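Letter by letter, the chains look like this.
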Amino acid sequence: DSVRVALLGGGTVGSQVARLMADSADDLQQRAGAPLELVAVAVRDLSKPRPGIAPELLTDDPFAVVKREDVDIVVEVMGGIEPTKELLETALRNGASVITANKALLSEHGATLHELAHENGVDLFYEAAVAGAIPLLRPLRESLAGDQVQRVLGIVNGTTNFILTKMDEEGADYAEVLAEAQ
């Protein structure tokens, strides 16, 4: 059996996810233990060309996508808080695992989404939304599960590092340091 995947968002990121799924199908099948099958792509505007995505997969009804009984994984790359939060909650309640890179949504509603995933026996993955997609969460959760991690330190990126260092070492005001960094 294949793992059936639906995409919420078919813009720049979504179209690349679809392309990578097609281009890396053999590798993904080997890693997942089953072929990945793209079954739906929800987009805002059906009239825009979506190269590499079969037209019959496109829909402008994202709620129909997350309510489908045959979807195993929903990949969310549309961004924003609403209706994204409601869509992901619906997917989780419907028994689909969710993968998202939506930092804003996770920062505001991550706990609720985690709870829903747990209650429904599905997964919520968001590694791409953390630390510039550096593989950090899985090692913390799995490899270091027996350790007591007190804190994690690291450079997120050059600008952020500059700003945080100035604020920490000099007590500088965020707005002033941001202007200096820019």
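Note that the structure is a prediction, hence the values are computed from the model and not measured.

(A) View of the overall build of the protein. What the protein contains, in helices and strands, is eight helices and six strands. For the protein, the N- to C-terminal ordering of α and β elements is β-α-α-β-β-α-β-α-β-α-β-α-α-α. Across the 182 residues in the protein, those meeting the buried criterion constitute 32%. Of the contacts formed within the protein by residues at least 6 apart in sequence, a portion of 54% connects residues at least 24 apart. Carbon and sulfur atoms provide 51% of the accessible area of the protein, an area that totals close to 11300 Å².

(B) Representation of the pairing of strand S5 (residues 97-100) within the structure. Where strand S4 (residues 73-76) meets S5, four bridges bridge the pair, whose relative direction is parallel. Counterpart to Glu-76 in the pairing with S5 is Thr-100. Note that the unit made of S4, helix H4 (residues 84-93) and S5 has a crossover that is right-handed. With two bridges joining them, S5 and strand S6 (residues 124-125) adopt parallel strand pairing. Its bridge partner lying in S6, Val-98 is registered against Leu-124. This β-α-β element, S5 to helix H5 (residues 103-119) to S6, shows right-handed connectivity.

(C) Structural context of the pattern of salt bridges. This model, assessed by the stated rule, comprises eight salt bridges. We note a salt bridge from Arg-31 to Asp-27, for which the minimum N-O separation is 3.0 Å. In this pair, Arg-31 and Asp-27 both sit in helix H2 (residues 25-32), four residues apart, roughly one turn of the helix. Overall, the relative accessible area of 36% leaves Asp-27 in the partly exposed class. Between Lys-166 and Glu-180 there is a salt bridge, and its shortest N-O distance comes to 3.8 Å.

Definitions and limits used
Residues numbered from 1 in each chain as written. Predicted model: local features only at pLDDT ≥ 70, side-chain atom pairs only at ≥ 80, totals over all residues. Heavy atoms only, no water. Helix = DSSP H or I, 4+ residues; strand = E, 2+ residues; numbered from the N terminus. Buried < 20%, exposed > 50% of the residue type's maximum accessible area, 1.4 Å probe, protein only. Contact = heavy atoms within 4.5 Å. Areas by Shrake-Rupley, 256 points an atom, 1.4 Å probe, with all protein chains shown as cover. Pairing = 2+ DSSP bridges. Right-handed = clockwise from strand over helix to strand, strands pointing away. Salt bridge = Lys/Arg side-chain N within 4 Å of Asp/Glu carboxyl O.

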